[in-house]
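If you want the building blocks of each chain, they are given just below.
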Amino acid sequence: MFKAMRQPTLQTMGLGNVSDIFRRGALPADAGELVDRVFGKSNERGSLVISGSNGIVGAGKTMQLGSRLQPFGVRMVGLDFPGTSDGIGRQYPGLVQAFGREGADRIMGNIVRLTYDGRSLPAELNALKPRFLLEAIPEILEIKKAHYRIFREAFPGIEIRSVTSGFPSSELGVGIAHPAFPHEINKVWEIVESEPSAITQLFWALGLIPLTVSDHWSFVLDVLFCGVTLAGLRVHRASNMPFWKVDKLTRKLLGPNPFRAHDAIGSKGADFLTWSCLHHLSQKYGELFRPTPELEERKETGQAWYPPDHFRPLVDWVLSAEEQDEFRVRILGPMFQMTSLMLHEQRGHYAHLNAIGELCAQFRRGILCMMRDLGPAAVIGTVEAYHLLHPEAAKQSWHPDALAKMDTPDWQQLYVNAEHDGEVGVVTISRESYSWDVDRELNRALDWLKRERIGKVIVTGDFHISTQMVGADTSDFFSALGDVEDGLSITTGWPATARRLNDEFAVSVGFVAGKRCLGGMLELLAHCHHVVAVEDARFGWPEVTLPVVPGMEGCHWPFRKAGRDHWPKLLQMLLTGDSVKARDAVGWLIDYAGPLEEALRIAWKVAAGGDHALPRRALDAGALDRVPQDVSGMPAADGPAAEAARKAIVDCVRDSCRAPLSEALAIQAKHAAGFLTTTACREGRVGAEFARTMTA
């Protein structure tokens with residue numbers, strides 16, 4: 001028996017569900033086996049060719065894939081025209097920083113660089129036995145098609161994927177693997193293929209994040225990113241607002257700086273790609289996507305959107321309430337309309353559509369999450385207000401009917417899913433940072449499991465979109481910097497959710513499969529009866545470096561579950577922000593650490609009631625005495641703000657530990673919320689991010 005709130009995203013790649021991972025004690029795909037399927041056995045291993053390898057995309061993906069495939073003996077071939085700049089060579093310092101000089105040399109030594117004339121392939125390529133071509137050449141359809149022809153003629157059966165920003169697979173005749181920027185570090189790829197392939201599963205097994213989307217023009221990322229750029233351009237045309245001001249207000253409203261991003265990528269290339277996406281979208285979907293004259297001009301000139309000596313510091317001004325409302329409508333109206341189109345076309349799993357906006361287009365919250373918060377009536381009202389300003393956009397590509405599913409689990413559970421087999425539930429969190437959105441979805445997931453009469457639960461990442469657990473989303477703290485009541489709503493509400501894992505289930509297991517579990521995410525999982533992790537995962541509370549006071553009971557809950565002799569280690573972690581490896585935290589912070597497959601099996605045995613011999617650490621609900629107030633050998637605080645945070649954390653530890661558990665939540669909530677309003681917090685990283693995002 002298997003039941004889920006909504007489809008697990010792993011199923012979109014043909015990889016089953018998360019419950020099966022724990023039940024089998026193994027991941028659903030093995031990188032070594034998939035390398036054999038894609039590139040051949042070790043004695044006949046073929047190569048991966050990246051054409052256009054000196055460009056921004058090609059060079060970045062040569063590094064990203066090359067670093068992952070080098071240990072498997074897959075040769076990388078960088079193919080480009082003679083005379084192009086050395087894009088691959090420019091990646092070397094980044095490789096050294098990530099892998100050390102020896103590791104960087106191994107990766108670079110595995111790359112063969114070849115040149116060609118665009119009409120025929122170099123003879124040396126035959127000996128390298130290409131099995132997979134990743135095409136990253138310019139966005140000109142006929143050139144791309146000719147490129148595929150010469151490869152297929154030379155190497156029949158070769159797998160081909162295009163990194164194209166806009167052309168659908170039906171136009172190109174090949175599958176799509178569209179990567180997100182920055183290409184060296186962003187792990188997200190939009191995948192278009194008729195059915196899950198070994199290549200997509202290999203990407204996942206190598207630690208990348210493939211998100212399957214449908215075969216429509218410009219996929220999802222570029223509809224969102226090019227769409228918000230176009231919305232900003234239309235604001236400029238309507239009001240003559242300078243581009244930096246449009247960026248500032250867009251950042252405050254949504255998160256991204258579309259014009260600054262174009263300059264950062266390289267305005268000439270980025271402007272052409274944005275124009276190309278919008279041009280083709282407008283041909284199919286109408287005026288909603290039509291490029292403005294400013295973009296038409298810049299796709300030819302490559303002129304930067306931010307002149308070196310622009311006058312922002314001298315001429316900034318505040319919009320009136322009416323102007324602010326019009327700006328909001330001009331940005332959100334087209335974004336909501338474009339999203340309605342993507343929903344109407346069923347461009348992807350709702351969690352995929354939402355995550356692409358956050359992970360790739362730099363939205364603070366995914367577009368579906370924002371629309372869900374507003375509700376259908378307000379979204380429709382915003383689009384209709386936009387149509388009064390831009391009547392031509394109303395004639396095509398507006399699908400308000402797509403909002404009718406807003407109350408379904410697909411839309412309500414964008415970040416948190418729950419599934420069960422009739423006995424054990426698995427709650428998966430697909431967002432790396434804890435937020436109000438995650439909190440509300442987690443409560444709905446726990447409620448659903450309770451209604452399903454599931455008394456045993458594992459809480460973990462989703463093994464797909466979220467690869468680590470980094471703590472709280474500090475943008476949710478912004479309103480609390482000036483309003484202690486807003487802070488209290490977080491510091492009482494979020495830990496109340498976490499306590500459900502301790503109070504409402506017979507067995508709860510927190511499972512950490514990624515590189516780190518920090519801050520609020522660690523506090524969340526610490527409320528489980530058991531915490532199981534892969535041995536190299538790192539745990540810590542970096543709050544003191546922000547600075548904030550841990551607000552999900554990190555100042556007392558771990559002390560209540562650890563032996564007295566371990567209390568100094570907990571206090572040192574809280575006061576320094578230093579992390580500890582899972583294998584070194586067993587017995588006082590977590591309960592088991594081991595290789596992934598062993599950890600999976602232990603977690604399942606604990607949850608299912610199998611023979612695991614893993615004792616449950618008792619939770620001391622009484623008042624704790626003699627909790628340390630300092631730690632010997634502490635390094636000096638990094639400035640007055642960190643010193644103030646240390647004092648506030650010590651005070652919170654002292655007061656919340658001295659109280660019984662029944663009173664400790666309210667005490668720690670008051671300390672954590674109060675510190676958010678202090679000068680020390682406002683002058684730290686959280687305050688600086690608030691100023692940069694909301695006021696700068």
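Residues numbered from 1 in each chain as written. Predicted model: local features only at pLDDT ≥ 70, side-chain atom pairs only at ≥ 80, totals over all residues. Heavy atoms only, no water.

Enquirer: Let's hear about the pairing of strand 17 (residues 530–534): which residues, and what values?
Expert: The buried fraction of strand 17 is high, at 5 of 5 residues. Taking every second residue as pointing to the same face, both faces of strand 17 are buried, with His 530, Val 532 and Val 534 on one and Val 531 and Ala 533 on the other. Note: strand 15 (residues 507–512) against strand 17, 4 bridges, orientation parallel. Note on strand 17: the bridge partner recorded for Gly 510 is Val 531. For strand 17 and strand 20 (residues 592–594), the ladder comprises 3 bridges, and the chain directions are parallel. Its bridge partner being in strand 20, Val 534 is matched across the sheet by Gly 594. (Buried < 20%, exposed > 50% of the residue type's maximum accessible area, 1.4 Å probe, protein only. Helix = DSSP H or I, 4+ residues; strand = E, 2+ residues; numbered from the N terminus. Pairing = 2+ DSSP bridges.)

Enquirer: Can you tell me about the sheet that holds strand 8 (residues 188–192), naming the residues and giving the values?
Expert: Pairing in this open sheet of 8 strands is mixed, and the strands run 4-3-2-5-6-7-8-9 from one edge to the other. If you trace the sheet from one side to the other, it starts and ends with strand 4 (111–115) and strand 9 (209–212), each paired once. Between one strand axis and the next, the sheet turns by 25 degrees as a mean value, whatever way the strands run. Relative to strand 3 (residues 75–80), strand 2 (residues 47–51) runs parallel, the two being bridged by 5 bridges. Within strand 3, the position partnered with Val 49 by the bridge is Val 77. Along the sheet, helix 3 (residues 56–69) makes contact with strand 2, strand 3, strand 4, strand 5 (130–135), strand 7 (175–179) and strand 8, crossing strand 2 at roughly 165 degrees. (Axes fitted to C-alpha atoms, helices over the stretch in contact; angles between N-to-C directions. Contact = heavy atoms within 4.5 Å.)

Enquirer: Any chance you could break down the packing of helix 11 (residues 267–285) against helix 12 (residues 293–301) for me, citing the residues and the numbers?
Expert: Packing of helix 11 against helix 12 leaves a shortest axis separation of 8 Å and a crossing angle of 135 degrees. Viewed along their axes, helix 11 and helix 12 adopt a mutual orientation that is oblique. Of the two possible hands of crossing, helix 11 and helix 12 adopt the one that is left-handed. Here Lys 268, Asp 271, Phe 272, Thr 274, Trp 275 and Leu 278 of helix 11 come into contact with helix 12, specifically with Leu 295, Glu 296, Arg 298, Lys 299, Glu 300 and Thr 301. (Parallel < 35°, antiparallel > 145°, perpendicular 65-115°, else oblique. Left-handed = near helix turned anticlockwise from the far one by under 90°.)

Enquirer: Explain helix 20 (residues 484–503) to me, using residue names and the numbers behind them.
Expert: For helix 20, spanning 20 residues, the distance from its first C-alpha to its last is 28 Å, which sits close to the expected 28 Å at 1.5 Å a residue. Regarding helix 20, its N-cap is Asp 483, as a side-chain oxygen of that residue lies 2.9 Å from the backbone nitrogen of Glu 485 further along. (Expected span 1.5 Å × (residues − 1). Polar contact = N/O pair within 3.5 Å; in protein donor to acceptor, adjacent residues only side chain to side chain.)

Enquirer: For unusual backbone geometry, give the residues involved together with the corresponding values.
Expert: Negative phi characterises most residues that are not glycine, and trans characterises most peptide bonds. Put simply, Phe 181 and Pro 182 share a cis peptide bond, and its omega is 0 degrees. In the segment running from Leu 546 into Pro 547, the intervening peptide bond is cis, with an omega of -15 degrees. Within the fold, Pro 547 resides in the loop between strand 18 (538–540) and helix 22 (557–561). Backbone geometry at Asn 240 places phi at a positive 65 degrees, although glycine is not the residue there.

Enquirer: Could you give me a rundown of the pattern of salt bridges, with the residues and numbers involved?
Expert: Applying the stated criterion across every chain yields a total of 39 salt bridges. Taking the shortest distance from any N to any O, the salt bridge between Arg 234 and Glu 287 comes out at 3.8 Å. Taken together, the residues span a long stretch of sequence, with Arg 234 in helix 8 (residues 221–239) and Glu 287 in the loop between helix 11 and helix 12 at a distance of 53 residues. The class for Arg 234 is buried, based on a relative accessible area of 16%. (Salt bridge = Lys/Arg side-chain N within 4 Å of Asp/Glu carboxyl O.)

Enquirer: Which residues make up the environment of Ile 465, and what are the values?
Expert: Relative to the assigned elements, Ile 465 resides in the loop between strand 13 (456–461) and strand 14 (471–472). As a C-alpha pair, Ile 465 and Ser 430 span 35 residues in sequence and 5.5 Å in three-dimensional space. If we ignore the near neighbours within four places in the chain, the residues touching Ile 465 are Thr 9, Ile 209, Leu 211, Ala 351, His 352, Ala 355, Leu 359 and Ser 430.

Enquirer: An account of the domain arrangement of the protein is needed here, citing residue identities and associated values.
Expert: One can read the domain layout of the protein as domain 1 (10–212), domain 2 (220–308 + 318–410) and domain 3 (468–694). Relative to domain 3, the C-alpha centre of domain 2 lies at a distance of 38 Å. Each side of the interface is counted separately: domain 2 has 4 residues, and domain 3 has 5 residues. Across the domain 2 to domain 3 interface the summed buried area is about 450 Å²; carbon plus sulfur atoms make up 50%. Taken as a group, Arg 251, Lys 252 and Arg 364 account for 90% of the area that domain 2 buries against domain 3, more than any other trio of residues on that side. Along the contact surface separating domain 2 from domain 3 lie 0 salt bridges. Here domain 2 is connected to domain 3 by 1 residue pair in polar contact (both at pLDDT 80 or more). Residues that form the side of domain 2 that touches domain 3 fall into these classes: no nonpolar, 1 polar and 3 charged. (Domains from an automatic or database assignment. Buried area = accessible area lost by both parts, 1.4 Å probe. Nonpolar A, V, L, I, M, F, W, Y, C, P; charged D, E, K, R; others polar.)

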